[in-house]
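Breakdown of the fold
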Amino acid sequence: MFEPVILLQILWTGIATSAPFVLLTVGFSLTLKVTGLWNFAQSGQMAIAFYAMFFALHGLGLPLVAALALGGVLTCGAAWLIEVYGLQVFRDRGSDNLMFFIFTLILSEFIIYVITLIFGTEPETLYESILSPVDIVGGIAISDWDKTGVALAAFALAALYGFMRYTKEGQFLAAVSDNAKLAELYGISAQRAYRVTAVISGLFIVAAMYLIGSHGGVVPNSPLELVLSAVIGTLLGGIGRVFAAAWASIFLALIQSFSILFIGSRWQNLLLYGFLFATILLFPRGVRLSWGRR
Amino acid sequence: MTARLILPRRKLLATAAATGLAAPFVARAQGKEPIKLGSALPLTGSQAGYGNDFAASWRMGVKDVNDAGGVNGRPFELITLDTQADPQLGINAANRYIQVEKLPMFFTAWSAVVKAQAPIANREKVLEINAGANSPEIATLGDFVYTTFPLADVDITKLAKYVFTTLGKKTAAVLYINNDTGIDAAKIYRDTFTEAGGKVVAFEAYDPKATEFTGMLLKARAANPEIVHIHGLTADTPQVIAQMRQLGMTQRVTSYSAAYNPKLLQQLGAAAEGLIVTSLAPGVNDNPNVGKFLERWKTEQNRVPNGLPYCQYQYDMVVFTKMLYEYVEKKGQPATGETLRDALLAIKEFELPMTGKMIIDGHRVNKPVYLLTVEKGAFVPLATL
């Protein structure tokens, strides 16, 4: 088990497997950074994203590009509606954080319930076949899904970095996340920043759900567990540190993957919760390395 | 036919929509007091694909028996409760059957659920019949828990011996889901294969919620087995096989009746070729009733059922119950958990339309094991053990 080729395979698969979780974590962490909210309604958006693509592919027989577009429109639209007609209403009322938490949680349950009514509870995949063509490179199996996942996550992260750093809109998001009231004094609309954030998160969710849905079965309840991994990555990376959260997700996936060398695979998922407990207890602001940046 | 479906409130509409039962249908064919028939199944959740098809098979059985006159003119009234294959919901279902519906017996499936319900059945002296789970532990759950479905020590024992003796495989990897379905069956496979002279070179459990199996498969690959036995559920087994093939593992795979599923063939395509599964019920070539049953499925549901052998058992349970009730009525006894259990043990041999002869051997049943393999994208008979 400790041969280089096996270690490299575990490393590669761990990185590839982390791709959808990186995307979900970044979407979740970005929302938390800009709006200051633990937006659990994102699990509902995950369900919308997957089932919109699933319906487009299997119900309407549309090509993948159209399915992705439909998933994007519906998910981002839902995120925008939740922001405008849900979260903003609570902000205007001056509601406390608990109310936001309850609202987003109940909303995601509601969305998942409606989707259950429509699509049932059988595990579904975006493609009929869950097999992805594989290339063997230096003894390491690299599937097309792996390559797509890594490329998609890398592109999304680079695009987000460029957006945040080099566009005025991105800088507005950073300003609102630092101090919304101060930003508004300078003429930056916090409401607009929240809505832009909702749409960006929606796009990350669509990309993640495409990867998850093309790799294995999804049931309406799956997003409730997926959002938990986003929470763990966000906590471990540090609240407000979006790219650190992405690294944390990769780190968690690698820890899970390499743990097979020392423990049985049935214990792998338990590690996630162990990290969650340890992070909350020991690093409530996340694990900050001295060279870490936001 | 009379049928009722009771679900947790929040799941009620979901399942009604999914199964087309939104409009209750009540037809009291015989006009006599119906006999309530309880079947606790996962109608929602990850196992719903099987559970709903089981429920549909029950409804077919109830319709046929009622159309033929029921139990001396009394029709069956089916009460299907949703367990989501979750032990806690299984307990709720058992309590409902016993405390509210006052049933003297009920049917159930999924090993964890069967086990969770057993203490209640024993305490209340209500007959609990397993009609689909296969954990060997079910044979030891108490005086009021019986099975009409052969436990894993029947098909897995025969399969492991077949793999060693007939296929000539000397080393095997056993990969199994870490729950009541997988743990016991995997041990049986390992012990039988080892006793036969083979060697289990990898024995790995995976979390029921896992979607990534690479680490476990790399362990198995490093052990270089000649064959791989996967004992999982319908949702995870195709993913394990897919990831196994993607890692370059070309070994033949064996599994059990949960993998005897047309959807698996769709999901895996060519990667399913050579897969060996067990079936504990006769196939189309062994029993003409099965062909008619399949045709009926195609007519009524426009498809073949998930887990055909299991569905055959579900259908047969209506006939089985009819025989128990007729026995106690003939004896002039009331239908209680005790009298129905005594009837079960006294009748002992049941000739059933879909699964053939069933002999109750204490808390076990013994049946022939039918092996099927995937050839050119379809399950074809391989051997009868």
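Read on for an overview of the structure. Predicted model, so just to flag it, every value in this text is computed and none were measured.

Helix and strand content of chain A: eleven helices and two strands. For chain A, the sequential pattern of α-helices and β-strands runs α-α-α-α-β-β-α-α-α-α-α-α-α. Counting only C-alpha atoms, chain A reaches 60 × 50 × 35 Å along its principal axes. Considering chain A as a whole, with its 294 residues, one finds that 53% of them fall into the buried category. Residue pairs in contact within chain A that sit at least 24 positions apart in sequence constitute 74% of those at least 6 positions apart.

Residues and elements named next belong to chain B. Applying the stated rule across the entire model yields 30 aromatic pairs over all chains. The interplanar angle of 45 degrees and the centroid separation of 5.4 Å between the aromatic rings of F54 and W110 together place this pair among those described as tilted. Of the two residues, F54 is situated in helix 2 (residues 48-67) and W110 in the loop between strand 4 (105-108) and helix 4 (111-124); the sequence distance between them amounts to 56 residues. For W110, a relative accessible area of 12% puts it in the buried group. Ring geometry for F320 against F350: centres 4.7 Å apart, planes inclined by 50 degrees, an arrangement best described as tilted. Remark: F350 occurs in strand 12 (residues 349-352) and F320 occurs in helix 11 (residues 308-330); sequence separation between them is 30 residues. The pair formed by F320 and F350 is uniform in burial state, with each residue classed as buried.

The subject of this paragraph is the interface of chain B and chain A. Listed as interface residues are 41 residues of chain B and, on the opposing side, 34 residues of chain A. Together chain B and chain A conceal approximately 3,200 Å² of surface at their shared face, both sides included; 55% is due to carbon and sulfur atoms. At the junction of chain B with chain A, the criterion picks out one salt bridge. Along the contact surface separating chain B from chain A lie five residue pairs in polar contact (both at pLDDT 80 or more). Of all the elements, helix 7 (residues 214-223) of chain B adds the most residues to the side of chain B that touches chain A, at seven residues. By residue class, the composition of the side of chain B that touches chain A is 17 nonpolar, 13 polar and eleven charged.

So, about the sheet that holds strand 12 of chain B. Residue and element names in this part refer to chain B. If you walk across this open sheet you meet the three strands as 12-13-14, and the pairing is antiparallel. Every other strand in the sheet has two partners, leaving strand 12 and strand 14 (364-366) as the edge strands with one partner each. This sheet shows a mean twist of 30 degrees between the axes of neighbouring strands, independent of strand direction. As defined by bridge partners, strand 13 (residues 356-361) adjoins strand 14 across three bridges and the pair is classed as antiparallel. Looking across to strand 14, one finds that I359 is bridged to N366. Each of strand 12 and strand 13 touches helix 11; the most contacted strand, strand 12, lies at about 135 degrees to it.

With that settled, consider helix 2 of chain B. Residue and element names in this part refer to chain B. The terminal C-alpha atoms of helix 2 lie 28 Å apart, and with 20 residues this matches the ideal 28 Å at 1.5 Å per residue to within 8%. Extensive coverage of helix 2 is indicated by the burial of 17 of its 20 residues. G69 occupies a position one or two residues after helix 2 and carries a positive phi of about 110 degrees.

Rules used in this analysis
- Residues numbered from 1 in each chain as written.
- Chains lettered and ligands numbered in written order.
- Predicted model: local features only at pLDDT ≥ 70, side-chain atom pairs only at ≥ 80, totals over all residues.
- Heavy atoms only, no water.
- Helix = DSSP H or I, 4+ residues; strand = E, 2+ residues; numbered from the N terminus.
- Buried < 20%, exposed > 50% of the residue type's maximum accessible area, 1.4 Å probe, protein only.
- Contact = heavy atoms within 4.5 Å.
- Phe/Tyr/Trp six-rings, centres within 6.5 Å; stacked < 30°, edge-to-face > 60°.
- Buried area = accessible area lost by both parts, 1.4 Å probe.
- Salt bridge = Lys/Arg side-chain N within 4 Å of Asp/Glu carboxyl O.
- Polar contact = N/O pair within 3.5 Å; in protein donor to acceptor, adjacent residues only side chain to side chain.
- Nonpolar A, V, L, I, M, F, W, Y, C, P; charged D, E, K, R; others polar.
- Pairing = 2+ DSSP bridges.
- Axes fitted to C-alpha atoms, helices over the stretch in contact; angles between N-to-C directions.
- Expected span 1.5 Å × (residues − 1).

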